[in-house]
Amino acid sequence: MNLWEKITGSDMTKEMITFELRAKKLPSDYQAAWEKIKANLWPHSDFTGRNLMPILDGVLGLLEETAADGQSIKEVLDDDIKGFCSALAGEDGANSFRDKWRKQLNNNIAKKLGN
């Protein structure tokens, strides 16, 4: 990735287009779940969203494998897509910008109180 791609985010655009092409090959119930997963994961992104790319790739791979095995989406994710996404973001350390600001604020307060 060169500097221009990093600044403009065109590398992420290409990757998201690839994800969407892969998702269109899934059954319709899986596609609906994919849309809900994306909507629930984006609040966990950093400022650029780059931290979510490996997570989205892994989730899409899981959906592709389970669809190929003939499992229903309910067997895979149950009805708790929001909980699934929170667990994913928590495991992979996908901190949102709010989490970073909260940590920075806490560190600044601790420094002031300690001095």
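This section reports on the structure supplied with the text. (Residues numbered from 1 in each chain as written. Predicted model: local features only at pLDDT ≥ 70, side-chain atom pairs only at ≥ 80, totals over all residues. Heavy atoms only, no water.)

### With respect to the overall build of the protein chain
Part 1 of the reasoning: Helices and strands together make up the secondary structure of the protein chain, namely seven helices and zero strands.
Part 2 of the reasoning: Counting helices and strands in the order they occur from the N terminus, the protein chain gives α-α-α-α-α-α-α.
Part 3 of the reasoning: Looking at the protein chain residue by residue over its 115 residues, the buried ones come to 30%.
Part 4 of the reasoning: Looking at the protein chain alone, contacts between residues at least 24 apart form 69% of all its contacts between residues at least 6 apart.
Part 5 of the reasoning: Surface accessibility of the protein chain: about 7800 Å² in total, with carbon and sulfur atoms responsible for 55%. (Helix = DSSP H or I, 4+ residues; strand = E, 2+ residues; numbered from the N terminus. Buried < 20%, exposed > 50% of the residue type's maximum accessible area, 1.4 Å probe, protein only. Contact = heavy atoms within 4.5 Å. Areas by Shrake-Rupley, 256 points an atom, 1.4 Å probe, with all protein chains shown as cover.)

### Examining the side chain of threonine 66
Part 1 of the reasoning: Looking at the element boundaries, threonine 66 is found in helix H4 (residues 53-68).
Part 2 of the reasoning: Looking at threonine 66, the relative accessible area reads 9%, which means it is buried.
Part 3 of the reasoning: Each residue touching threonine 66, except ones within four places of it in the same chain, is listed here: Tyr30, Gln71 and Val76.

### Let's talk about the side chain of lysine 38
Part 1 of the reasoning: When you line up the elements, lysine 38 lands in helix H3 (residues 28-41).
Part 2 of the reasoning: A relative accessible area of 12% means that lysine 38 is categorised as buried.
Part 3 of the reasoning: Excluding residues within four positions of it along the chain, lysine 38 makes contact with Met16, Glu20 and Leu56.

### Considering the environment of isoleucine 7
Part 1 of the reasoning: Considering the arrangement of structural elements, one finds isoleucine 7 in helix H1 (residues 3-8).
Part 2 of the reasoning: Judged by its relative accessible area of 59%, isoleucine 7 falls in the exposed class.
Part 3 of the reasoning: Sequence-wise, isoleucine 7 and threonine 48 are 41 residues apart; in three dimensions their C-alpha atoms are separated by 9.6 Å.

### Quick look at unusual backbone geometry
Part 1 of the reasoning: Non-glycine residue aspartate 78 carries a positive phi angle of around 60°.
Part 2 of the reasoning: One can find aspartate 78 in the loop between helix H5 (73-77) and helix H6 (81-91).
Part 3 of the reasoning: Assessed through its relative accessible area of 54%, aspartate 78 is described here as exposed.

### Some words on the nonpolar core
Part 1 of the reasoning: Trp34, Ile37, Leu41, Leu56 and Leu63 are the most contacted members of the largest nonpolar core, which totals 23 residues.
Part 2 of the reasoning: Counting residues per element, the ones that place at least two in this core are helix H2 (10-24), H3, H4, H5 and H6.
Part 3 of the reasoning: At six residues, the largest contribution of residues to this core is made by H4.
Part 4 of the reasoning: Excluding anything up to four places from it in sequence, tryptophan 34 contacts Phe19, Glu20, Ala23, Leu56, Val59, Leu60 and Leu63. (Core = buried A, V, L, I, M, F, W, Y, C linked by side-chain atoms within 4.5 Å.)

By themselves, these figures tell us nothing about what the structure is for.
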